[in-house]
Amino acid sequence: MKRFIIPILSIIALAFSSCSDSKSYAELLSDETKAVNDFLSQHRVIDEIPTENTVFETGEDAPYYRLDPEGNVYMQVLSVGDGEKVEDDARVYFRYTRYNMFYYVVGADNTLIGAGNADDMTAAPTFFIYGNQTIQESTQYGEGIQMPLKYLGYNCRVNIVIKSQEGPSADIAYVVPYLYTISYYKSMI
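Residues numbered from 1 in each chain as written. Predicted model: local features only at pLDDT ≥ 70, side-chain atom pairs only at ≥ 80, totals over all residues. Heavy atoms only, no water.

Attention now moves to the environment of Y151. By the element assignment, Y151 lies in the loop between α4 (136-139) and β7 (157-162). Spatially, the C-alpha atoms of Y151 and V86 are 9.4 Å apart, while their sequence positions differ by 65 residues. Other than its neighbours up to four places away in sequence, Y151 contacts I49, F56, L67 and K85. (Helix = DSSP H or I, 4+ residues; strand = E, 2+ residues; numbered from the N terminus. Contact = heavy atoms within 4.5 Å.)

Here we take up the pattern of salt bridges. Evaluation of the coordinates by the stated rule reveals four salt bridges. With a shortest N-O distance of 2.4 Å, K23 and D31 are connected by a salt bridge. Judged by its relative accessible area of 47%, K23 falls in the partly exposed class. Among the salt bridges present, the one from R44 reaches E57, with a minimum N-O distance of 2.7 Å. In this pair, R44 sits in the loop between α2 (25-40) and β1 (45-46) while E57 sits in the loop between β1 and β2 (64-66), placing the two residues 13 residues apart along the sequence. When its relative accessible area of 43% is taken as the criterion, R44 is described as partly exposed. On the basis of relative accessibility, which here comes to 35%, the residue E57 falls in the partly exposed class. (Salt bridge = Lys/Arg side-chain N within 4 Å of Asp/Glu carboxyl O. Buried < 20%, exposed > 50% of the residue type's maximum accessible area, 1.4 Å probe, protein only.)

Here we take up unusual backbone geometry. Its identity as a non-glycine residue notwithstanding, D89 has a phi of 70°, on the positive side. Take D89: it is sitting in the loop between β3 (73-79) and β4 (91-100). In this model, V175 sits at a positive phi of 55°, which is unusual for a non-glycine residue.

The next thing to look at is the confidence of the model for the protein chain. Scored by pLDDT, the protein chain comes out at a mean of 81, with 81% of its residues at no less than 70. In this model, residues 1-20 is a region of pLDDT below 50 whose contacts with residues beyond four sequence positions or in other chains number zero contacts. (pLDDT = per-residue confidence, 0-100.)

With respect to the helices and strands, T181 occurs in strand β8 (residues 178-186). The exposure class of T181 is buried, given its relative accessible area of 16%. In terms of polar contacts, T181 uses its side chain to reach the side chain of N159, at 2.7 Å. (Polar contact = N/O pair within 3.5 Å; in protein donor to acceptor, adjacent residues only side chain to side chain.)

Here we take up the environment of A115. Within the element layout of this structure, A115 appears in strand β5 (residues 115-116). Between the C-alpha atom of A115 and that of T97, which follows or precedes it by 18 residues, the distance is 5.3 Å. In this structure A115 touches Y96, T97 and R98, once residues within four positions along its chain are discounted.

With nine of ten residues buried, β4 lies mostly within the body of the structure. Sheet analysis places β4 next to β8, joined by nine bridges and oriented antiparallel. Counterpart to Y93 in the pairing with β8 is Y185. (Pairing = 2+ DSSP bridges.)

Take the environment of I113 next. Within the secondary structure layout, I113 lies in the loop between α3 (102-105) and β5. Classification of I113 by relative accessible area gives partly exposed; the value is 32%. Each C-alpha atom of the pair I113 and Y99 lies 6.6 Å from the other, and the pair is 14 residues apart in sequence. Discounting chain neighbours no more than four positions away, the residues touching I113 are R98, Y99 and Y103.

Now the structure itself:
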C-alpha cells in the first residue's frame, strides 16, 4: 500500500508545482473569506440565532444572522413567511437571484450581474427535498440554501450569504461565495 501512496503524492506535488501561476486552494479560501467579510462589514452581524421566544428582525436593515458555527452561511430575514414549518422530505419550491460576492470586493454594480429564476416566471420550477441530502435534487443546490427553513416558514424571503463549502455542488471547486435573495414556497402536489 505504501509503495502506491508515495508515487501518487509525488504526482500531486508535481501537478501543484507546475501550476505556480494559479492560486492554491488555501489562497482561494482566504480570498473567499475576505470577500464575505468585506460584505458583512457593511452590515450588522449577529452570531447567534434568536431563541424560540424571540423573533427575527426583518427588512432591508435587519442584521445578518450566522446560521452555522463555521461562518459559512449568514441570513438576513426580509419576511418570516406564514409560520408553517417545513417538514423533512417535503418538496420546497424556490425563486432566487444570486450574486457573485467577488464583485462587491471590486466595487462593481452587483444589480447588473445577478442570475437565477426570480424574474423569469417561464423558467422551470426549482425545488429541493428539504433535509434530504442523499438525492441530486437537493445536493445540487447545497445545504446552505436549506438552512433558513430550520427557523422560518413557507413564503419567507431572505438574503443569504453562502460560502462555497455550503453552496451548489457544481460551484464548490471554484471557491466563489454568493449572495442569494430567495423566496421559498410550498409544493402544490
